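Structural features, examined
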Amino acid sequence: MGRRRSIIIAVAGIGAAIALFVVGRVGPSSAELQSAAAELDGCIRETAAAAQARAQTLAELPRLSWAVATDEQTMLDLTADELAFQPALGELIEIGQVRRRDGAVTLLRRVGDIGEFHLPLADLGERLIGADGRLHVVDVVGVEPKTRADQIRGAVGVSRLVDTNALAARLRHGSFALRVDVAGGGGMLLGPAVADARARPLSLYAD
């Protein structure tokens, strides 16, 4: 009999990554599993570093601390003039105000890879989001406004698409598939699906 195809289920989130793999009667070797986990981990880490650098660079633009204390139209005018920037391929950028009293967000600017989700501007830091059948690493950086600082704070969020094309191509010809389930919902499937499987824990390394 030929080798039975298996599936790895990875439940991941930046800061607390947990993975599960599901195997059939004859599953992939430990080396194959570790290789796939390491490659996925590397993709997430590389994307996270790029998102963090981009968000920090935008947050440090001299005019942004003034702009986040204004309104959407003013932000649009400034973006066309003093805050000119172009999103990269697979990148979503959001700039907003966060009300200190209750964390309510007012979105001032949204450009780039417009998907079905909005960035969590009220929550600073990194996280992994699954949406549109794809994985995105999000980094949100705070911006201290020049005015109304007792009422609001600014936030810049950058989402970068995790490039899993090479891993997906490899898994199409391998003995297992990889499904990533993100904490909070969403995720993606790499490789063909498989039935009749059982689960065991497998660790990822991404922080």
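Please read these numbers as outputs of a predicted model, since none were measured by experiment.

Here is what the cut-offs are and how they apply
- Residues numbered from 1 in each chain as written.
- Predicted model: local features only at pLDDT ≥ 70, side-chain atom pairs only at ≥ 80, totals over all residues.
- Heavy atoms only, no water.
- Helix = DSSP H or I, 4+ residues; strand = E, 2+ residues; numbered from the N terminus.
- Buried < 20%, exposed > 50% of the residue type's maximum accessible area, 1.4 Å probe, protein only.
- Contact = heavy atoms within 4.5 Å.
- Areas by Shrake-Rupley, 256 points an atom, 1.4 Å probe, with all protein chains shown as cover.
- Salt bridge = Lys/Arg side-chain N within 4 Å of Asp/Glu carboxyl O.
- Core = buried A, V, L, I, M, F, W, Y, C linked by side-chain atoms within 4.5 Å.
- Pairing = 2+ DSSP bridges.
- Axes fitted to C-alpha atoms, helices over the stretch in contact; angles between N-to-C directions.
- Arc of directions from axis to C-beta.
- 1 Å grid on protein atoms, 1.4 Å probe; cavity = no way out; pocket = protein on both sides within 12 Å on 5 of 7 lines; lining within 4 Å.
- Points joined across faces, edges and corners; volume = space filled by probe spheres on them.
- Nonpolar A, V, L, I, M, F, W, Y, C, P; charged D, E, K, R; others polar.

Structural notes on the overall build of the protein chain
Looking only at helices and strands, the protein chain features four helices and 10 strands. Burial status across the protein chain gives 45% buried among its 207 residues. Contacts in the protein chain between residues at least 24 apart in sequence constitute 62% of all its contacts with a sequence separation of at least 6. Carbon and sulfur atoms make up 51% of the accessible area of the protein chain, which amounts to about 10300 Å² in all.

Comments concerning the pattern of salt bridges
Counted by the stated rule, this structure contains 10 salt bridges. Linked by salt bridges that have partners in common, R54, E91 and R160 make up one network.

Section: the side chain of S65
The topology assignment puts S65 in helix α2 (residues 64-67). With residues up to four places along the chain from it excluded, the contact list for S65 reads V143, E144, P145 and K146.

A short note on the nonpolar core
L64, M75, I93, I95, V156 and V158 are the most contacted members of the largest nonpolar core, which has 19 residues in total. In terms of residues, this core owes the most to one element, helix α1 (residues 30-59), which gives four residues. Among all residues touching I95, those that are not within four sequence positions of it are L64, V68, M75, F85, L107, L108, R109, L121, A155 and V156. In this structure, C43, I44, V182 and L190 belong to the second largest nonpolar core, which totals 18 residues.

Quick notes on the pairing of strand β4 (residues 105-112)
Relative to β4, strand β3 (residues 91-99) runs antiparallel, the two sharing seven bridges. The residue bridging G96 from the neighbouring strand is L107, located in β4. Taking the residues between adjacent antiparallel strands as the criterion, β3 and β4 are bridged by five residues, where G103 takes a positive phi near 80°.

Thoughts on the sheet that holds β4
The antiparallel open sheet is built from five strands, whose spatial order is β4-β3-β7-β6-β5. Because the sheet does not close on itself, it has two edges, and the strands there are β4 and β5 (125-131). Each strand of the sheet is rotated relative to its neighbour by a mean of 20°, with strand direction disregarded. α1 rests against β3, β5, β6 (134-143) and β7 (152-161) of the sheet, and its axis sits at about 30° to β6.

Here's the deal with helix α4 (residues 165-172)
Looking only at α4, the buried set comprises L167, A168 and L171. Seen from one end, α4 has its buried residues packed into an arc of 100°, which puts them on one side. Facing away from the buried side of α4 by more than 90 degrees, the exposed set consists of N165, A166 and R172. The secondary structure elements touched by the buried residues of α4 are α1, β8 (176-182) and β9 (187-190).

Re the layout of surface pockets
The volume enclosed by the largest pocket comes to roughly 200 Å³. Taken together, C43, E46, T47, A50, L89, G90, R160, L161 and D163 make up the full set of residues lining the largest pocket. The element that contributes the greatest number of residues to the lining of the largest pocket is α1, accounting for four residues. Residues belonging to the lining of the largest pocket are distributed by class as follows: four nonpolar, two polar and three charged.

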